[in-house]
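# Descriptive structure summary
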Amino acid sequence: MRVRSHRRPDHTTEIIVAGELDLDTAPQLQQEISRVLRQPGVRGIQVDLAEVTFCDSSGIAVLDAGFGEAARNDITLRVVRVPAMIATILQVVGLLQPLTRPAS
């Protein structure tokens, strides 16, 4: 899995994930989310999943934990460009709507 991120002028950081998001690789995404949350002035995080080819429960758990951690810090975490297979999983576990809701 590859994870890269960049900060936008609007104080949102985009994290782009590519490859398999599973038990072996999920900690890498968790570390990146935590790193971004520690940066001063961050208002939002967008996790781009367009290039994710597989996601298991470990990946879903990282997204859920990141969403909670961000919310506790008054930061919005959203997922964008979600592949259909991941959207289905997020829908089943009740996370699709909270994770894709536009920032208010």
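To keep things clear, this report deals only with the structure shown in the data block. (Residues numbered from 1 in each chain as written. Predicted model: local features only at pLDDT ≥ 70, side-chain atom pairs only at ≥ 80, totals over all residues. Heavy atoms only, no water.)

### Considerations on the pattern of salt bridges
Following the criterion strictly, the structure yields four salt bridges and no others. The salt bridge involving glutamate 51 is made with arginine 2; its shortest N-O contact spans 3.3 Å. Of this pair, glutamate 51 sits in strand S3 (residues 44-55) while arginine 2 sits in strand S1 (residues 2-7), placing them 49 residues apart in sequence. Of the charged contacts, one joins glutamate 14 and arginine 8 as a salt bridge, the two residues approaching to 3.5 Å between their closest N and O atoms. (Salt bridge = Lys/Arg side-chain N within 4 Å of Asp/Glu carboxyl O. Helix = DSSP H or I, 4+ residues; strand = E, 2+ residues; numbered from the N terminus.)

### What about the nonpolar core?
Counting 27 residues, the largest nonpolar core has Leu29, Ile45, Val47, Leu49 and Leu90 as its most contacted members. Elements with a contribution of two residues or more to this core: strand S2 (12-21), helix H1 (26-38), S3, helix H2 (57-72), strand S4 (76-80), helix H3 (84-92) and helix H4 (96-100). If we ignore the near neighbours within four places in the chain, the residues touching leucine 29 are Met1, Ile15, Val17, Leu21, Val62 and Leu63. (Core = buried A, V, L, I, M, F, W, Y, C linked by side-chain atoms within 4.5 Å. Buried < 20%, exposed > 50% of the residue type's maximum accessible area, 1.4 Å probe, protein only. Contact = heavy atoms within 4.5 Å.)

### With respect to the sheet that holds S3
Read from one edge to the other, the open sheet built from four strands follows the order S1-S2-S3-S4, with strand pairing classed as mixed. One side of each edge strand has no neighbouring strand; the edge strands of this open sheet are S1 and S4. Direction aside, neighbouring strands of the sheet carry axes that sit 20° apart on average. Relative to S4, S3 runs parallel, the two sharing five bridges. Counterpart to valine 47 in the pairing with S4 is valine 79. Sitting on the sheet, H2 touches S2, S3 and S4, and the angle it makes with S4 is about 150°. (Pairing = 2+ DSSP bridges. Axes fitted to C-alpha atoms, helices over the stretch in contact; angles between N-to-C directions.)

### Focus on the side chain of glutamate 14
Relative to the helices and strands, glutamate 14 resides in strand S2. Glutamate 14 gets classed as buried once you look at its relative accessible area, which sits at 10%. A polar contact is formed between the side chain of glutamate 14 and the side chain of arginine 8, at a distance of 3.5 Å. (Polar contact = N/O pair within 3.5 Å; in protein donor to acceptor, adjacent residues only side chain to side chain.)

### Details of H2
Taking 1.5 Å of rise per residue, the 16 residues of H2 would be expected to cover 22 Å, and the 22 Å separating its terminal C-alpha atoms lies within 8% of that figure. Ser58, Gly59, Ile60, Val62, Leu63, Gly66, Gly68 and Ala70 are the residues of H2 that are buried. Buried-residue contacts for H2 involve S2, H1, S3, S4, H3 and H4. (Expected span 1.5 Å × (residues − 1).)

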